[in-house]
Amino acid sequence: MVIKYKLIKESHDSMARLGEITTPHGTFETPVFMAVGTQATVKTLTKEELEAIGSQIILGNAYHLWVAPGHEIVKEAGGLHKFMNWDRAILTDSGGFQVFSLANPKDISEEGVTFKNQKNGDVLFLSPEKSIEIQNALGSDIMMSFDECPPYPSTYDYLKKSVDRTIRWARRGLDAHQNRVTQGLFGIVQGGEHYDLRKHCAEALVAMDFDGYSIGGLSVGEPKTIQNQVLEFTTPLLPKDKPRYLMGVGSPGAILDAVERGIDMFDCVLPTRIARHGTAMTTHGRLIIKNKAFERDFTALDDHCDCYCCKNYTKAYLHHLFKSQEMLVYRLLSIHNVNFLLRLTENIRQAIKEDRFTEFKEKVYREYGLNDSNKDF
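Here the structure is a predicted model, which means the values were calculated and not measured.

1. Topic: the packing of helix α13 (residues 315–323) against helix α14 (residues 328–353)
One can describe the packing of α13 onto α14 by two numbers: an axis separation of 8 Å at closest approach and a directional angle of 130 degrees. Judged by the angle between their axes, α13 and α14 are oblique. Judged by residue contacts, Y317, L318, L321 and F322 of α13 engage L328, V329, Y330, L332 and L333 from α14. In the contact of α13 with α14, the residues fall into nine nonpolar, no polar and no charged.

So this is what it looks like as structure tokens:
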């Protein structure tokens with residue numbers, strides 16, 4: 001296996017676990033949050049800024065990099081690591097989520113998906129083989145299988161057909177994988193909120209012996225209670241000696257809930273997206289910097305944070321930048337938000353080491369004003 005997982009410790013009162021993942025571009029402990037660099041950049045942040053806050057692995061998006069600049073250009077540049085000057089680990093998603101948001105159900109066939117490029121209207125076709133070809137050219141450490149990401153809610157009959165197609169596509173992608181010495185490939189477990197479908201999909205994918213497994217089809221609009229329920233019965237179906245990845249989750253409450261249910265890896269555009277709208281994650285909950293209450297607030301954004309933003313600038317200054325539409329504020333809030341989630345997962349790891357994860361989770365829930373309903377962060 002290209003991607004190696006080492007289980008270090010399991011929580012005594014939950015499925016939370018501390019682990020270590022080794023990739024061709026570095027080793028890091030889990031649970032881990034991965035910042036999203038959709039188009040070969042984590043929006044507004046430089047490599048040096050990401051390194052300074054301790055980012056060990058980031059994401060690239062196969063669909064977007066296929067559309068621009070093109071996977072052939074990235075390959076010619078020496079791969080995604082050299083192209084974006086990032087020498088730590090990279091995970092690329094398959095493009096499936098973007099494709100299914102652009103395609104009509106009638107355009108999904110056994111061969112793949114036909115859809116239109118949202119930028120210029122060109123008709124494109126993406127299949128499991130094409131997705132793997134693109135990701136092989138990008139040269140990421142971890143690639144994702146091309147799966148069908150069904151909408152929520154979907155009927156049981158639709159989900160059953162979708163799961164069977166996802167399994168067949170996973171096999172085709174595995175057969176098409178050319179760089180098995182330098183790139184790992186994860187399978188994606190689908191099945192909606194149905195235990196039997198999740199079990200069927202997990203067993204089929206585990207039999208194919210992927211480098212790791214993702215639980216897909218969540219964080220797509222379902223209630224928080226359903227997401228947690230699906231994790232509770234799906235995670236134990238996956239091997240203990242492989243990484244477990246929950247795609248598209250980046251809010252503190254959802255991360256804590258998923259770690260409690262045995263998940264190791266997370267990604268989401270949330271920290272940089274809400275930064276561009278003037279919102280910061282803090283140890284006291286969300287803070288909307290444009291609010292007039294911060295006009296004369298000369299304290300740091302978060303009194304428990306030591307990131308570059310919090311050490312050097314006040315809420316009043318950030319408020320001024322945002323009201324003036326100065327681009328610097330997007331960078332500063334992005335640094336802070338990504339750092340916030342990296343510190344959260346660092347503290348989670350420490351809590352698991354010290355056998356106090358549940359206590360830590362309850363403390364965070366209390367301080368952030370979270371609860372066990374559908375409210376998150």
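2. Overview of the nonpolar core
In terms of nonpolar packing, the biggest core is built from 101 residues, with V113, F115, L246, F266, L301 and I348 touching the most fellow members. For this core, the element with the highest residue contribution is α14, accounting for twelve residues. When residues no more than four places from it in sequence are discounted, the contact partners of F115 are Y63, W66, V99, L102, A103, D122, V123, L124, F125 and L126. In terms of nonpolar packing, the next biggest core, distinct from the first, is built from 18 residues, F28, A89, I142 and Y245 among them.

3. Some details on the environment of E203
Take E203: it is sitting in helix α8 (residues 195–208). In this structure the C-alpha to C-alpha distance between E203 and G78, which are 125 residues apart in sequence, comes to 37 Å. A polar side-chain atom of E203 sits 2.6 Å from a polar atom in the side chain of K199.

4. Quick notes on helix α15 (residues 357–368)
The first and last C-alpha atoms of α15 sit 16 Å apart over twelve residues, in line with the 16 Å expected at 1.5 Å per residue. The set of residues buried in α15 consists of F357, T358, F360, K361, V364, Y365 and Y368. Burial along α15 is one-sided: seen end-on, the buried residues are contained in an arc of 160 degrees. Seen from the open side of α15, the exposed residues pointing more than 90 degrees away from its buried face are E359 and R366. Residues of α15 that are buried in the fold lie against α9 (224–234), α10 (252–260), β14 (279–282), β15 (285–288) and α14. Remark: G369 follows α15 within two positions and exhibits a positive phi of approximately 75 degrees.

5. Looking at a positive patch on the surface
Together, K43, K119, R273 and R276 make up a positively charged patch on the protein surface. Turning to its location among the elements, K119 is positioned in the loop between β7 (113–116) and β8 (123–126). By relative accessible area, K119 is classed as exposed at 55%.

6. Describing the pattern of salt bridges
In a structure, side chains of opposite charge can pair up when their charged atoms sit close to one another. For the structure shown, the criterion picks out 28 salt bridges. Two residues, K9 and D355, come together in a salt bridge whose shortest N-O distance is 3.4 Å. With K9 in strand β1 (residues 4–10) and D355 in the loop between α14 and α15, this residue pair connects regions lying 346 residues apart in the sequence. The exposure class assigned to K9 is partly exposed, which follows from its relative accessible area of 26%. With relative accessibility at 34%, the residue D355 sits in the partly exposed group. Taking the shortest distance from any N to any O, the salt bridge between K361 and E260 comes out at 2.7 Å.

7. Let's talk about the side chain of S140
Tracing the sequence through the fold places S140 in the loop between α6 (128–138) and β9 (142–144). Given the relative accessible area of 0%, S140 is considered buried. In this structure the side chain of S140 is engaged in a polar contact, spanning 2.7 Å, whose partner is the side chain of T92. Discounting residues that sit within four places of it in the chain, S140 has contacts with H81, I90, L91, T92, Q135, T182 and Q183.

8. Describing unusual backbone geometry
Here the bond from A68 into P69 is cis, since omega is 10 degrees, no more than 30 degrees from zero. The residue after Y152, namely P153, is reached through a cis peptide bond having omega -5 degrees. In this fold, P153 is placed in the loop between β9 and α7 (156–176). At S219, a residue that is not glycine, the phi angle is positive and equals roughly 60 degrees. One can find S219 in the loop between β11 (212–215) and α9.

9. So, the packing of aromatic side chains
Any pair of aromatic rings gets described here by the distance separating the centres and the angle formed by the planes. Applying the stated rule across the entire model yields nine aromatic pairs. Arranged with centres 5.0 Å apart and planes meeting at 25 degrees, the rings of F146 and W169 form a pair that is stacked. You can see F146 sitting in the loop between β9 and α7 and its partner W169 sitting in helix α7, a full 23 residues away along the chain. Seen in terms of ring centroids, F322 and Y330 are 6.5 Å apart; in terms of plane orientation they differ by 85 degrees. Their pairing is edge-to-face. Classification of F322 as buried rests on a relative accessible area of 17%. By relative accessible area, which is 21% here, Y330 ends up partly exposed.

10. Describing the sheet that holds β1
Taking strand neighbours across the sheet as the criterion, the three strands line up as β1-β2-β3 in an open arrangement whose pairing is antiparallel. Taken across any chain shown, the strands that pair with only one partner, and hence form the sheet edges, are β1 and β3 (26–30). In this sheet, adjacent strand axes meet at a mean angle of 15 degrees when their direction is disregarded. With six bridges joining them, β1 and strand β2 (residues 17–23) adopt antiparallel strand pairing. Looking across to β2, one finds that Y5 is bridged to I21. The strands touched by α14 are β1, β2 and β3; relative to β2, the strand with the most contacts, the crossing angle is about 125 degrees.

How each quantity is defined
For every chain, the first residue of the written sequence is number 1, and numbering continues from 1 onward in sequence order. Where local features are concerned, this predicted model is filtered to residues with pLDDT of at least 70; where side-chain atom pairs are given and counted, the filter is 80 or more; whole-chain, interface and lining totals use all residues. Calculated side-chain values reflect all of the structure's heavy atoms, with hydrogen atoms and water omitted. Throughout, an axis means a line fitted to C-alpha atoms (over the contacting stretch in the case of helices), and angles, computed between N-to-C directions, take values from 0 to 180 degrees. A run of DSSP states H or I qualifies as a helix once it reaches four residues; a run of E qualifies as a strand once it reaches two. Both are numbered from the N-terminal end. Here roughly perpendicular refers to angles of 65 to 115 degrees, roughly parallel to angles under 35, roughly antiparallel to angles over 145, and oblique to all remaining angles. We call two residues in contact whenever any of their non-hydrogen atoms come within 4.5 Å of each other. Note on residue categories: nonpolar means Ala, Val, Leu, Ile, Met, Phe, Trp, Tyr, Cys or Pro, charged means Asp, Glu, Lys or Arg, and polar means any other residue, Gly included. Think of a nonpolar core as a cluster: buried Ala, Val, Leu, Ile, Met, Phe, Trp, Tyr and Cys residues, connected wherever their side-chain atoms sit within 4.5 Å. Relative accessibility thresholds used throughout: buried, under 20% of the residue-type maximum; exposed, over 50%; partly exposed, between the two (1.4 Å probe, protein chains only). Between N or O atoms, a polar contact is any pair within 3.5 Å; within protein, one atom must be a potential hydrogen donor and the other a potential acceptor, and residues adjacent in sequence are included only when both atoms are from side chains. To estimate the expected span of a helix, count its residues, drop one, and scale the result by 1.5 Å. In this context, the arc is that of the directions from the helix axis out to the C-beta atoms. For patch building, the residue pool is restricted to those with more than 30% relative accessible area and no salt bridge; the joining distance is 9 Å between like charges and 5 Å between nonpolar side chains (Val, Leu, Ile, Met, Phe, Trp, Tyr). Surface exposure here means Shrake-Rupley accessible area, sampled with a 1.4 Å probe, where a residue is shielded only by the protein chains that are shown. Whenever a carboxyl oxygen of Asp or Glu lies within 4 Å of a side-chain nitrogen of Lys or Arg, that contact is scored as a salt bridge. Under this rule, positive means Lys or Arg and negative means Asp or Glu; His and the chain ends count for nothing. Every charge is mapped to an atom, namely NZ of Lys, CZ of Arg, CG of Asp or CD of Glu. Paired rings are identified among Phe, Tyr and Trp, the last through its six-membered ring, by centres lying within 6.5 Å, and are further divided according to the angle between planes into stacked (under 30 degrees), edge-to-face (over 60) and tilted (the rest). Here, strands pair whenever DSSP counts at least two bridges between them.

On their own, these measurements won't tell you what the molecule is for.
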